[in-house]
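These are the residues of each chain, in order.
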Amino acid sequence: MSFRPVSRPRRAAGLRRQRGVVLVFCLIVLVVLLAGGVAVTRSMNASLSNTGSLALRRDLVNQAESAIKRAMDQTYPVGGTAAANKALNYSPTPLDVNDMGIPNALLTDTAFGAVGSTANDMDGAIGDLTGGVRIRYVVDRMCDIAAQSATDQGRGHCVPITREAVGGSAQLATRAPPPVQPIYRVTVRVTGPRNTQVFVQSSFTKPES
């Protein structure tokens, strides 16, 4: 009795080679997915950081309102002494500004010392919760002549807000010009955590004393 050798199917070697190729493709896909996961994580971290920065900036802008209110509540005398004006962080003439319209007095402590008093610096409303918030402001009047009222200087030397005549017979008969009220500009610098700085500028008008 003779036996014939049984030959193994040739497909087995081919299957082993195919299984190796599939493994390589799986590894490539895993690497791509891992890189995608890292990119998504970084993107989420950047988004969270940007959101936190915007929230901090908005909070600092809101805290500037306290300095604006204080500035509006002050009385600014006409022809006041330099010491009295400095105690109010006030200049009766426009302050020098940089290209962005920010008074130079708020850019350095030395420049501020010539215009205002550090005694007027304010703490932020939330204080230590944000690592400390400091508020500093200056006020300047939009008039050219320091020792004269806006009415005396007139529209030629002041940026005024005028009151329109509303029908008073005496004023209409004499054609007297309406009184001129000056514009006061208040600029606030708010310094927050990590030396983050926000500048807020506003204007208001009120009768001169």
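Because the structure is predicted, anything quoted here is derived from the model rather than measured. (Residues numbered from 1 in each chain as written. Predicted model: local features only at pLDDT ≥ 70, side-chain atom pairs only at ≥ 80, totals over all residues. Heavy atoms only, no water.)

### Digging into the nonpolar core
- Grouped together as the largest cluster of nonpolar side chains are 21 residues, with contacts concentrated most on Tyr76, Ile135, Tyr137, Val139, Val186, Val188 and Val190.
- Looking at this core, the elements that each hand over two or more residues are helix H1 (11–73), strand S3 (134–141), strand S5 (180–191) and strand S6 (197–205).
- With six residues, the single largest contributor to this core is H1.
- Those residues in contact with Val139, other than ones at most four positions away along the chain, are Ala71, Tyr76, Asn89, Tyr90, Ser91, Tyr184, Arg185 and Val186.
- Of all hydrophobic cores here, the second largest spans six residues; its members include Leu95, Ala105, Leu106 and Phe112. (Core = buried A, V, L, I, M, F, W, Y, C linked by side-chain atoms within 4.5 Å. Buried < 20%, exposed > 50% of the residue type's maximum accessible area, 1.4 Å probe, protein only. Helix = DSSP H or I, 4+ residues; strand = E, 2+ residues; numbered from the N terminus. Contact = heavy atoms within 4.5 Å.)

### Regarding the pattern of salt bridges
- Here the structure, examined in full by the defined rule, presents six salt bridges.
- The partner of Asp123 in a salt bridge is Arg134, and the shortest N-O contact between them spans 2.2 Å. Taken together, the residues span a long stretch of sequence, with Asp123 in strand S2 (residues 122–123) and Arg134 in strand S3 at a distance of 11 residues.
- Residue Asp123 is classed as exposed on the basis of its relative accessible area, which comes to 53%.
- Each of Asp109, Asp121 and Arg136 takes part in salt bridges that share partners, so that together they form one network. (Salt bridge = Lys/Arg side-chain N within 4 Å of Asp/Glu carboxyl O.)

### Some remarks on a nonpolar patch on the surface
- On the surface, a nonpolar cluster with roughly 510 Å² of combined accessible area is contributed by Leu23, Leu27, Val29, Leu30 and Leu33.
- Secondary-structure assignment places Val29 in helix H1.
- On the accessibility criterion, Val29 (46% relative accessible area) is partly exposed. (Patch = residues over 30% accessible without salt bridge, like charges linked within 9 Å, V, L, I, M, F, W, Y side chains within 5 Å. Areas by Shrake-Rupley, 256 points an atom, 1.4 Å probe, with all protein chains shown as cover.)

### Re the packing of aromatic side chains
- Here the structure, examined in full by the defined rule, presents four aromatic pairs.
- On the numbers, 5.5 Å between centres and 20° between planes, the contact of Tyr184 with Phe204 is stacked. Here the residue Tyr184 occupies a position in strand S5, and Phe204 occupies one in strand S6, the gap between them amounting to 20 residues.
- Among the residues examined, Tyr184 registers a relative accessible area of 1% and is labelled buried.
- Judged by relative accessible area, Phe204 falls into the buried class, the value being 8%.
- Grouping aromatic residues by their ring pairs yields a cluster made of Tyr76, Tyr90, Tyr184 and Phe204.
- Directly above the aromatic system of Phe112 lies the positively charged group of Arg136, at a separation of 4.1 Å from the ring centroid. (Phe/Tyr/Trp six-rings, centres within 6.5 Å; stacked < 30°, edge-to-face > 60°. Lys NZ or Arg CZ within 6 Å of the ring centre and 35° of its normal.)

### Considerations on the state of the cysteines
- With the rule as written, the count across this model stands at one disulfide.
- Residue pairing for Cys143: its cysteine sulfur links by disulfide to Cys158, the two sulfurs lying 2.0 Å apart. The disulfide joining Cys143 to Cys158 has a torsion of about 115° about its S-S bond and is therefore right-handed. With Cys143 in the loop between S3 and helix H4 (150–153) and Cys158 in the loop between H4 and strand S4 (160–162), the pair connects residues that are 15 residues apart, well separated along the chain. With respect to class, Cys143 is no different from Cys158; both count as buried. (Disulfide = S-S within 2.5 Å.)

### Considering the pairing of S6
- Summarising the sheet, S5 and S6 pair through nine bridges and their orientation is antiparallel. When the sheet's bridge partners are listed, Arg189 is paired in S6 with Phe199.
- With antiparallel pairing between neighbouring strands as the criterion, S5 and S6 make up a hairpin whose turn holds five residues, including Arg194 at a positive phi of roughly 55°. (Pairing = 2+ DSSP bridges.)

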